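# Reading the structure
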Amino acid sequence: MRSTESDPLVAQLQATYGASTTIAPEHLQCLLLVVTRNVTTDSPWPISSAPVAKYNARDRGDCNLQIPLWQLVRASTAAPIYFPPEVLEWEKGNPDKSFVFVDGGMTPYNNPSFLLYRMATAPAYRLEWPTGERKLMLVSVGTGASANLGPDALAPETNIAATLAGLPGALMNGASVDQDINCRVIGRCVFGASIDSELGDMIPRRGDVPIPLADDLGRHFLYARYNADLSERGLAGLGLSDIDGAAVGKLDAVEQVPELRRVGRAAAKQVQLAEQFGELVTSAR
């Protein structure tokens, strides 16, 4: 176990979540799903707090519920290059149950929205929540995105090193968009930016008019995707033309936190739950 003195991030996470807080249901106010990548097994590991899940049985030596919450957060955000991997001991005294983890963004679930729907409804995960536009609502909140466009994107003088450096980000973005599309196909999109010029925003319409939510289309859930556009055009649309999108879009843009907060406040104004989710929200209040 690393000391909090030598690792300020560990100290901050323990101060925030508690050093002994686990993901057991009695420690949380809601169900939780954390996505990370197990480097040891070379596979995505979605870890939930659902008490009925197979690997959450209390009589298992490798029960998920015993894992400290701070350590799971640390593992799921261990972005390669920026942070070292996190080692979690799943079963005390058993070296075969010790695994190395990195950021869950390095899996197909960089955007875990559709995974969350599957875990809530698929029988294998044992929650089996009912589906339907009147029964289930899924809200996906991104961290901001901007396409790599312009003359530099396909410049012939771009070397292989530069191309490879941008590959992880391109794959992560592609996986995120794919999960978003899955949600808009299976669910009923009520808000979200256009996917591309062919798919559009996939909000069901009759002609150019969105179909009222009173008309149940038989989709599995209602869905909204909120993700700030950090391009020059997107920031201008938020009234933030003075912000440099390239600067705030960097993963380690610590000095840009005040500007990122401005983006967050402006983007939050797009959230109109009563208008976008209608009766499902108003009846739940």
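Scope of this entry: the structure provided in the associated data block. (Residues numbered from 1 in each chain as written. Predicted model: local features only at pLDDT ≥ 70, side-chain atom pairs only at ≥ 80, totals over all residues. Heavy atoms only, no water.)

### Quick word on the overall build of the chain
Which entries qualify depends on this criterion: Counting from the N terminus, the helices are the DSSP runs of H or I reaching at least four residues and the strands are the DSSP runs of E reaching at least two. Exposed residues in this analysis have more than 50% of their type's maximum accessible area, buried residues have under 20%, and partly exposed residues fall in between, with area computed by a 1.4 Å probe over protein chains only. Contacts: residue pairs with any heavy atoms within 4.5 Å of one another. Note that accessible areas follow from Shrake-Rupley with a 1.4 Å probe, and for residues the cover is restricted to the protein chains shown.
When you go through the chain residue by residue, the secondary structure sums to 9 helices and 9 strands. The buried share of the chain, taken over its 285 residues, is 37%. Considering only intrachain contacts with a sequence separation of at least 6, the fraction spanning at least 24 residues in the chain is 61%. Here the chain has roughly 16,700 Å² of accessible surface; of this, 56% comes from carbon and sulfur atoms.

### Points about the nonpolar core
Selection criterion: By nonpolar core we mean a set of buried residues, namely Ala, Val, Leu, Ile, Met, Phe, Trp, Tyr and Cys, connected to one another through side-chain atoms within 4.5 Å.
Counting 19 residues, the largest nonpolar core has I23, L72, L88, W90 and F101 as the members making the most contacts within it. Of all the secondary structure elements, the ones that give two or more residues to this core are α1 (8–17), α2 (69–76) and β4 (98–103). L72 has contacts with I23, V34, I47, I67, L88 and W90, leaving out every residue within four places of it along the chain. In this structure, L230, L240, V248 and V263 belong to the second largest nonpolar core, which totals 10 residues.

### What about the pattern of salt bridges?
To keep it simple, the criterion reads: What makes a salt bridge here is a side-chain nitrogen of Lys or Arg within 4 Å of a carboxyl oxygen of Asp or Glu, nothing more.
Per the stated rule, a full pass over the model turns up 12 salt bridges. As a salt-bridge pair, E86 and R74 come within 3.6 Å of each other at their nearest N and O atoms. Placement of the pair is E86 in strand β3 (residues 86–89) and R74 in helix α2, with a sequence separation of 12 residues. For the pair shown, E86 and R74 are each scored as buried.

### A short note on the environment of G144
In this structure, G144 sits in the loop between β5 (137–141) and α4 (160–186). For G144, a relative accessible area of 23% translates into the label partly exposed. The sequence separation of G144 and N227 amounts to 83 residues, and the corresponding C-alpha distance is 5.2 Å. Each residue touching G144, except ones within four places of it in the same chain, is listed here: N227, A228 and L230.

### Comments concerning the environment of V185
Secondary-structure assignment places V185 in helix α4. Residues V185 and R219, spaced 34 residues apart in sequence, show a C-alpha to C-alpha distance of 8.4 Å. When residues no more than four places from it in sequence are discounted, the contact partners of V185 are M202 and R219.

### Concerning helix α7 (residues 257–268)
Note the threshold: An expected span of 1.5 Å times one less than the residue number is assigned to each helix. Directions pointing from the helix axis toward each C-beta atom define the arc.
In this model α7 runs 16 Å from its N-terminal to its C-terminal C-alpha over 12 residues, within 8% of the 16 Å that 1.5 Å per residue would give. Listed as buried for α7 are V263, A266 and A267. Projected onto a plane normal to the axis of α7, the buried residues spread over an arc of 100° and lie on a single side. Among the exposed residues of α7, those pointing more than 90 degrees away from its buried face are R261 and R265. Those residues of α7 hidden inside the fold are in contact with α5 (232–237).

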